[in-house]
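Examining the three-dimensional arrangement
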Amino acid sequence: MTYTEAKERSHRFALALRMGLPIFLLSAITLFTLLNKWTDTMFESFVLLSITLLAFIVYFIFYLIYQSTQENITDPVTHTFTPDYFLKHLDRARNQKVVSVMMITVNNLTGINERYGMKNGNAVLRQSVANINDFFASKKYDKLPICRFRGGDFLIYLEGGKETFSPMLELFLAKYEDTLMDEIEVRYEAVILDTRTQTTLEEMINRLYEFLHYQREHRSVQADEEIEQGKLEKEILSALDAKRYSIALQKVCCDDQEMSEVSVKLMDESGNYIHQNRFVPFLNREGKMRQLQSDVLEQIAELVSIRNEQFVFPLSSVILRNGYFFQFAMELLQRYPSAKGKIVFILEEKEYCPQISRFKEKIAQYRAVGYKIALDRLGGYHTTMLYLKELQVDFVRFDPLYARHIKEERYQHILQGLNMTAHLCGAQTWIPMIEDEEGDKIAKAMRINYRQGNFIGKITPLKEKSEGTL
């Protein structure tokens, strides 16, 4: 029996006692009244008992109304704690001492439900709970507070700093990261943080999900929490309001007009960089990402009037589809007519836009007023290939995986096919992460139009911005 199931059983036993006690008292009062003859007649005894019974009925009605919202403390599928019950006890624990919070997630639960059905998906969740409990029980943690937060995401908390439990979590992944359950492939991911730098439960949960997304590209279970989350958010808002950010450029070599890719980092009041993986999720939650990208786009338009080259600006496709941003971008070209044809928006999107006709129309509008459009991660994201056959774009950039393996024959064959496909669709091609002369020669031989990487040119800060001036 798991700790959560034992806790639920004790909870229900206590509930039964609370419900049975009034019945016991009513029976005792009845017997005491009848045996001691407090009343002179049977009628008086009946009235007294009726009043007592009415009082207990009212008690039961209000008690059951109150308890109806608090009865279930465990999830009916996995028999782990419900989020409300778990977070209530986590909040109490973190106010007393340092607590580490872990998130273990079944990464491919959606695919399991679609392929094998909900019944098998629920069986995978139950077996996952058993695996987690067994693993931590083997480490002498028998009473494991575990919660199914949503979908295949499980939360656990234990007293102590994250440096104590992160090696343990890595061992769990080493054992169970890719496992089979009744011939069903199950993949786990896990992250951990502690409560030393978190101010609210909401911030803690948000940070876990942000780091879960980030660690899919950076293999680590431990989040970088050197800055207190509340303080970090204030620094981000302050930097955004004061327009404190650093613009850096990386040269993109080409057969045609030269290009540079733009990257942006915010800066705190001390001049330290705030990395994108910290400020982008927060700005998205606060609805301020459009403000940042509008500010940076304006600086790029100013830069174009000084330098005769194209500038590539990574842009969220959600922002690109925003009508207010399009209005701003159109007005910007009216103020800086020399920027027409020299600003390239590069889009990276994992999820396919369901309203493709409207997206196609929006892309056409941007290209009509003077912007160019590029798609990122061709050969890596299936969405990019779908967009390539639906949208008229100017450039496509290959997934960095092909540059890392460009000297291997099999990758060259695939790259050659993708390169030809993009050219036939009317787009120029671009490969990143060219790190040496041999890779550069291979890319040239394949007739890839643009090449980027440390061999071509390293990322160089344009100018440190202190108050939003170039």
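Residues numbered from 1 in each chain as written. Predicted model: local features only at pLDDT ≥ 70, side-chain atom pairs only at ≥ 80, totals over all residues. Heavy atoms only, no water.

Digging into the side chain of Asn133
To keep things clear, this is the line we draw: The numbering of helices and of strands both runs from the N terminus, where a helix is a DSSP run of H or I of at least 4 residues and a strand a run of E of at least 2. Any pair of residues with heavy atoms lying within 4.5 Å of one another is described as a contacting pair.
Structurally, the position occupied by Asn133 is in helix H5 (residues 118–138). Every residue in contact with Asn133, bar those within four places of it in the chain, is listed here: Thr2, Leu144 and Ile146.

Some words on the sheet that holds strand S3 (residues 153–159)
Formally: Strands pair, by our definition, only if DSSP identifies at least two bridges between them. Inter-axis angles, ranging from 0 to 180 degrees, are taken between N-to-C directions of lines fitted to C-alpha atoms, where helices are fitted over the stretch in contact.
With antiparallel pairing, five strands are arranged side by side in an open sheet as S2-S3-S1-S5-S4. The sheet terminates laterally at strand S2 (146–150) and strand S4 (178–181), the two strands that pair on one side only. Put simply, the sheet's adjacent strands are angled 30° from each other on average, direction ignored. As paired strands, S4 and strand S5 (residues 184–194) are joined by four bridges and run antiparallel to one another. Bridge assignment links Thr179 to a residue of S5, and that residue is Val186. Contacts from H5 reach strand S1 (99–106), S2, S3, S4 and S5, with the element oriented near 15° to S3.

Description of unusual backbone geometry
Heads up, the condition is: In this scheme, a residue with accessible area under 20% of its type's maximum is buried, one over 50% is exposed, and one in between is partly exposed, where area comes from a 1.4 Å probe on protein chains only.
In this structure, Lys140 is a non-glycine residue whose phi angle is positive, near 75°. Inspection of the secondary structure assignment puts Lys140 in the loop between H5 and S2. Classification of Lys140 by relative accessible area gives exposed; the value is 70%. Within the chain, Lys243 stands out as a residue other than glycine whose phi angle is a positive 55°. With respect to the secondary-structure elements, Lys243 resides in the loop between helix H8 (229–242) and strand S6 (245–254).

Here we look at the nonpolar core
Our working rule: In this text, buried Ala, Val, Leu, Ile, Met, Phe, Trp, Tyr and Cys residues form a nonpolar core when linked through side-chain atoms within 4.5 Å.
Residues Leu297, Ile343, Phe345, Phe359, Tyr366, Tyr371 and Ile431 are the most contacted members of the largest nonpolar core, which totals 66 residues. Counting residues per element, this core draws most heavily on helix H10 (residues 289–304), at eight residues. Ile343 has contacts with Leu297, Ile300, Ala301, Val304, Phe311, Tyr371 and Lys372, leaving out every residue within four places of it along the chain. Membership of the second largest hydrophobic core comes to 28 residues, among which are Ile104, Val124, Ile132 and Leu144.

Considering the pairing of S6
Most of S6 is tucked away: eight of the ten residues are buried. Bridge count for S6 against strand S7 (residues 259–267) is eight bridges, and the pairing is antiparallel. Residue pairing across strands places Ile247 opposite Val264, the latter belonging to S7. Both S6 and strand S14 (residues 450–452) contribute to a ladder of three bridges, which runs antiparallel.

Thoughts on helix H17 (residues 437–445)
Heads up, the rule is: Our arc is simply the arc of the directions from the helix axis toward the C-beta atoms. Polar contact criterion, stated in full: a pair of N or O atoms within 3.5 Å, where within protein one must be able to donate a hydrogen and the other to accept it, and residues adjacent in sequence count only if both atoms are side-chain atoms.
Buried residues of H17: Gly439, Asp440, Ile442 and Ala443, and no others. Projected onto a plane normal to the axis of H17, the buried residues spread over an arc of 160° and lie on a single side. Projecting away from the buried face of H17 at angles above 90 degrees are the exposed residues Lys441 and Ala445. Check the buried side of H17 and you find it contacts helix H16 (409–424), strand S13 (428–431) and S14. The backbone nitrogen of Glu438 has a side-chain oxygen 3.4 Å away, supplied by the residue at the start of H17, namely Asp436. Phi turns positive one or two residues past the end of H17, at Arg447, with a value near 65°.

Side note on the pattern of salt bridges
Defined as follows: When a carboxyl oxygen of Asp or Glu lies within 4 Å of a side-chain nitrogen of Lys or Arg, that pair is called a salt bridge.
Overall, the coordinates contain 24 salt bridges when judged by the stated rule. The salt bridge involving Asp75 is made with Arg148; its shortest N-O contact spans 3.6 Å. Of this pair, Asp75 sits in the loop between helix H2 (42–67) and helix H3 (83–94) while Arg148 is found in strand S2, placing the two residues 73 residues apart along the sequence. Owing to a relative accessible area of 14%, Asp75 belongs among the buried residues under this scheme. For Arg148, a relative accessible area of 18% gives the class buried. Between Glu261 and Arg397 there is a salt bridge whose closest N-O contact spans 2.9 Å. Within this pair, whereas Glu261 is found in strand S7, its partner Arg397 is found in strand S12 (residues 395–398), the two being separated by 136 residues in sequence. Classification of Glu261 as buried rests on a relative accessible area of 14%.

Comments concerning the packing of aromatic side chains
As a reminder, the rule being used: The criterion for an aromatic pair is that two Phe, Tyr or Trp rings (for Trp, the six-membered ring) have centres within 6.5 Å, with stacked assigned to planes under 30 degrees apart, edge-to-face to planes over 60 apart and tilted to the rest. Placement of a positive charge over a ring is assigned whenever Lys NZ or Arg CZ falls within 6 Å of the ring centre and within 35 degrees of the normal to the ring plane.
Under the counting rule described, the total for this entry stands at 19 aromatic pairs. Taken together through their ring pairs, the aromatic side chains of Phe313, Phe325, Phe326, Phe345, Tyr366 and Tyr371 make up a single cluster. A cation over a ring is seen here: Arg150 above Tyr209, with NZ or CZ 4.2 Å from the ring centre. It is Lys362 that lies over the ring of Phe326; its NZ or CZ is 4.9 Å from the centre.

Some thoughts on the packing of helix H4 (residues 109–116) against H5
Here is the rule: When an angle is under 35 degrees it counts as roughly parallel; over 145 it counts as roughly antiparallel; between 65 and 115 it counts as roughly perpendicular; any other value is oblique. Under the convention adopted here, Pro, Cys and the residues Ala, Val, Leu, Ile, Met, Phe, Trp and Tyr are nonpolar, Asp, Glu, Lys and Arg are charged, and Gly plus all remaining residues are polar.
The N-to-C vectors of H4 and H5 enclose an angle of 140°; their axes lie 7 Å apart at closest approach. By the criterion of interaxial angle, the relationship of H4 to H5 is oblique. Only Met118, Asn120, Gly121, Val124 and Leu125 of H5 make contact with H4, whose side of the interface consists of Leu109, Ile112, Asn113 and Tyr116. Considered class by class, the residues forming the contact of H4 with H5 number six nonpolar, three polar and no charged.

Points about the packing of helix H12 (residues 323–335) against helix H13 (residues 356–369)
As a packed pair, H12 and H13 sit with axes 10 Å apart at the nearest point and diverge in direction by 10°. The angle between H12 and H13 falls in the class roughly parallel. Facing H12, whose interface residues are Gly323, Phe325, Phe326, Ala329, Met330 and Leu333, H13 presents Lys362, Gln365, Tyr366 and Val369.

A few points about the side chain of Asp394
Relative to the helices and strands, Asp394 is located in the loop between helix H14 (382–390) and S12. With a relative accessible area of 16%, Asp394 lands in the buried category. For Asp394, the contacting residues outside a window of four places in its chain are Arg367, Tyr371, Lys372, Ile373, Ala427 and Gln428.

Side note on the confidence of the model for the protein chain
Definition in use: Values of pLDDT, ranging from 0 to 100, describe the predictor's confidence in every residue of the model.
Considering every residue of the protein chain, the mean pLDDT works out to 85; 83% of them sit at 70 or more. A low-confidence stretch, residues 464–470 stays under pLDDT 50, and its non-local contacts, those more than four residues away or across chains, total 21 contacts.

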